[in-house]
Amino acid sequence: MVVRLPSSSEFSLEEEMRKAVESVFEAVRRHHEFYRFALPMIASENVTSLSVRKLLASDFSHRYAEGDVGKRFYQGCEFIDEVESLALELAKRLFGAEHVNVKPTSGVNANIAAIFALTNVGDRIMALSVPDGGHISHSKFSAPSIRGLKVDYLPFNAEEMNIDVERMRQEIEEKKPRMIILGASLFLFPHPVREAVEAISEADANASVLYDGSHVLGLIAGKQFQDPLREGADVLVSSTHKTFPGPQGAILLWNNDELSERLENAVFPGTVSNHHLHHVAGLAVALAEMLAFGEAYASQTVKNAKALARKLHEEGFDVLCKHKGFTASHQVAVDVSSLGGGSKIASLLESAHIIVNKNMLPWDKSPENPSGIRIGVQELTRIGMKEREMAEIAVFMRRVAIDCEPPENVKRDVIEFRRDFQNVHFSFDDGDAYAFFDELKG
Ligand SMILES: Cc1ncc(COP(=O)(O)O)c(C=O)c1O
């Protein structure tokens, strides 16, 4: 709904603007009310703990700290330095990495920086296409074009929902790319990192492997997915707010000292001026939470995804990759083309307070009404849901999408169902994270 400002002849400018401010608070309040009683299953989102939310509202959000810890271009950074150095240490420990950079403000920003650092203008790279699960920032529409790179798509086996290793080997041999980007947005199974590294070496291709772990960083941290740095990736680039339950932002992790100067410079001053210090503070806490509780959270997340996929299949949905146990990540992919397509089903589910996104599947040509929906269970896991709840959610989804029950009816049941799941877990202050905002408002 678009909110219109009252006409200025009726009110003074100050009154008008006061109403605008009220409208902003009111819309956010209603958004919170909606999300409190909905099932948020967008695979790229999560909720942060109460501690992280408090830090996001701290004075760190007002400050500048260009440069590195101990070597800033501005005064006033003593405590910012303490927090950033702690974030760096915690990240090294959690991911077993020698080097970390926590400055990029988003996953795309981090990808641009890493691509900038590890390629030269005119180089050829290989990455997944968007229908095969690749992110737009791996494609010629984004970072690679900014750098003037030629992009070839990695061969994909839609049956296995993974990269076709044999064809990848052949293409690396033929094309001798300078970079392979692994990792994806639709990401059900670990990618062949070791195989890519071997193929690069056999082809004498002198290519770097960039692993974009944006979707699975929380699972990597919790040791429930592949470990790309141990498998030979040169750099792990990731958002910090999908399965990893931190503030929106990104991180770069790597082990090879020789890459440090290029990667650090590509972030600052290359692609970030001032980084978002309140997000660094929140990230430090999320890293500590993941060191303490990450394994339990990640393991329950993968169990929940498998349980939801199995039950959706039993309820009559066409869930991808039954022969492989459906998924090994936080995601479930469902082909809903026979039910009217991804746009229709995602929108019907939204009316029942079940939030998923339409998603292209490998055989789709257009993003407008793709065949699929993508579901992520990481946020539901954070608020305490387990396999039993996944089974109930599959039934809600069937009632909307297959039985064609009016979404309003199902919505009432979803709201009731959600009442018992108001607190964020796997943190040091398990509690109602939405209540914090209401308190701030006074
Ligand atoms: C694989 C992948 N990389 C990068 C991004 C971009 O991250 P951000 O939204 O933080 O820029 C996404 C976003 O969903 C993604 O799926």
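1. Some words on empty space enclosed by the protein
Vacant regions in the atomic arrangement are exposed by a probe of water-molecule size rolled over the atoms.
Consideration 1: Applying the stated rule across the entire model yields 2 cavities of 30 Å³ or more.
Consideration 2: Along the wall of the largest cavity there are 14 residues; nearest its centre are Val102, Pro104, Gly249, His279 and Val280.
Consideration 3: When residues in the lining of the largest cavity are grouped by element, the largest group, 3 residues, is from helix α10 (residues 277–314).
Consideration 4: For the lining of the largest cavity, the per-class residue count stands at 6 nonpolar, 7 polar and 1 charged.
Consideration 5: Its volume calculated, the second largest cavity comes out at about 40 Å³.
Consideration 6: Val47, Arg53, Ile383, Arg418, Gln422, Val424, Ala433 and Tyr434 are the residues that line the second largest cavity.

2. A few points about the domain arrangement of the protein
Consideration 1: When the domains of the protein are assigned, the result is domain 1 (52–287) and domain 2 (293–433).
Consideration 2: Across the contact, 27 residues belong to domain 1 and 29 residues belong to domain 2.
Consideration 3: For the pair domain 1 and domain 2, the two sides together bury roughly 2300 Å², of which 63% comes from carbon and sulfur.
Consideration 4: Together, Pro131, Leu188 and Phe189 form the three largest contributors to the area buried by domain 1 at its contact with domain 2, with a combined 24%.

3. Comments concerning the nonpolar core
Consideration 1: Among the nonpolar cores identified, the biggest contains 61 residues, and Phe95, Ile172, Leu182, Tyr211, Phe244, Leu253 and Leu287 are the most heavily contacted of them.
Consideration 2: Contributing elements (two or more residues each) for this core: α3 (78–95), α6 (165–175), β9 (179–182), α7 (193–202), β10 (208–212), α8 (217–221), β12 (250–254) and α10.
Consideration 3: The dominant element in this core, judged by the number of residues it contributes, is α10, at 9 residues.
Consideration 4: The residue makeup of this core includes at least three contributed by each of domain 1 (52–287) and domain 2 (293–433).
Consideration 5: Apart from the residues lying within four places of it in its own chain, the contact partners of leucine 287 are Ala87, Leu90, Ala91, Leu94, Phe95 and Phe244.

4. Some details on the site of the ligand
Consideration 1: Neighbouring the ligand are 13 residues; Gly107, Val108, Ser185, Asp212 and Lys242 lie closest to it.
Consideration 2: A distance of 3.3 Å is found between an oxygen atom of the ligand and a side-chain nitrogen or oxygen belonging to histidine 215.
Consideration 3: Between serine 239 and the ligand, the recorded distance is 3.1 Å, taken from a side-chain N or O atom to an oxygen atom.
Consideration 4: Surface burial for the ligand is 85%, taken as the share of its 390 Å² of free accessible area covered by protein chains.
Consideration 5: By residue number, the principal contributor to the shell around the ligand is helix α4 (residues 107–118), which donates 3 residues.
Consideration 6: Considered class by class, the residues forming the shell around the ligand number 2 nonpolar, 9 polar and 2 charged.

5. Brief notes about the environment of valine 410
Consideration 1: Looking at where valine 410 falls in the secondary structure, it is placed in helix α14 (residues 407–418).
Consideration 2: Separated by 153 residues in sequence, valine 410 and aspartate 257 place their C-alpha atoms 55 Å apart.
Consideration 3: Once residues lying within four places of it in the same chain are set aside, the contact partners of valine 410 are Ala352, Phe396, Arg399, Val400 and Glu405.

6. Things to note about the sheet that holds strand β17 (residues 372–376)
Consideration 1: One open sheet accounts for 4 strands, arranged β13-β14-β17-β16; its pairing is antiparallel. Strand pairing shows two members of the sheet lacking a second neighbour, β13 (318–319) and β16 (357–359), which therefore form its edges.
Consideration 2: In terms of strand pairing, β16 meets β17 through 3 bridges, oriented antiparallel. The partner of asparagine 357 across the bridge, within β17, is arginine 374.
Consideration 3: Sheet strands in contact with α10 are β13, β14 (331–335) and β17, and its direction is about 20 degrees off that of β14.

7. Section: the pairing of β10
Consideration 1: Here β10 lies mainly inside the structure; 5 of its 5 residues are buried.
Consideration 2: Here β10 shows a buried face lined by Ser208, Leu210 and Asp212 and a second buried face lined by Val209 and Tyr211.
Consideration 3: The handedness of the β9 to β10 crossover, carried by α7, is right-handed.
Consideration 4: Relative to strand β11 (residues 235–239), β10 runs parallel, the two sharing 3 bridges. Note on β11: the bridge partner recorded for tyrosine 211 is leucine 236.

8. Observations concerning the environment of asparagine 369
Consideration 1: Looking at the element boundaries, asparagine 369 is found in the loop between β16 and β17.
Consideration 2: A sequence separation of 258 residues divides asparagine 369 from asparagine 111, and the C-alpha atoms of the two residues are 28 Å apart.
Consideration 3: Beyond its immediate chain neighbours, meaning those up to four positions away, asparagine 369 contacts Gly340, Gly341, Gly342, Ser343 and Lys344.
Consideration 4: Of the polar contacts made by the side chain of asparagine 369, one reaches the backbone oxygen of glycine 340; its length is 3.5 Å.
Consideration 5: For asparagine 369, the side chain forms a polar contact with the main-chain nitrogen of glycine 342, separated by 3.4 Å.

9. Brief notes about unusual backbone geometry
Consideration 1: At the junction of phenylalanine 268 and proline 269, the peptide bond is cis and its omega measures out at 10 degrees in the coordinates.
Consideration 2: Within the chain, aspartate 204 stands out as a residue other than glycine whose phi angle is a positive 55 degrees.
Consideration 3: Relative to the assigned elements, aspartate 204 resides in the loop between α7 and β10.
Consideration 4: Assessed through its relative accessible area of 68%, aspartate 204 is described here as exposed.
Consideration 5: Positive phi is not limited to glycine here, since lysine 223 has a value of about 60 degrees.
Consideration 6: Summarising the element assignment, lysine 223 is placed in the loop between α8 and β11.
Consideration 7: Its relative accessible area of 56% is what places lysine 223 among the exposed residues.

Reading the values: rules and limits
Residues numbered from 1 in each chain as written. Predicted model: local features only at pLDDT ≥ 70, side-chain atom pairs only at ≥ 80, totals over all residues. Heavy atoms only, no water. 1 Å grid on protein atoms, 1.4 Å probe; cavity = no way out; pocket = protein on both sides within 12 Å on 5 of 7 lines; lining within 4 Å. Points joined across faces, edges and corners; volume = space filled by probe spheres on them. Helix = DSSP H or I, 4+ residues; strand = E, 2+ residues; numbered from the N terminus. Nonpolar A, V, L, I, M, F, W, Y, C, P; charged D, E, K, R; others polar. Domains from an automatic or database assignment. Contact = heavy atoms within 4.5 Å. Buried area = accessible area lost by both parts, 1.4 Å probe. Core = buried A, V, L, I, M, F, W, Y, C linked by side-chain atoms within 4.5 Å. Buried < 20%, exposed > 50% of the residue type's maximum accessible area, 1.4 Å probe, protein only. Near = heavy atom within 4 Å. Polar contact = N/O pair within 3.5 Å; in protein donor to acceptor, adjacent residues only side chain to side chain. Areas by Shrake-Rupley, 256 points an atom, 1.4 Å probe, with all protein chains shown as cover. Pairing = 2+ DSSP bridges. Axes fitted to C-alpha atoms, helices over the stretch in contact; angles between N-to-C directions. Right-handed = clockwise from strand over helix to strand, strands pointing away.

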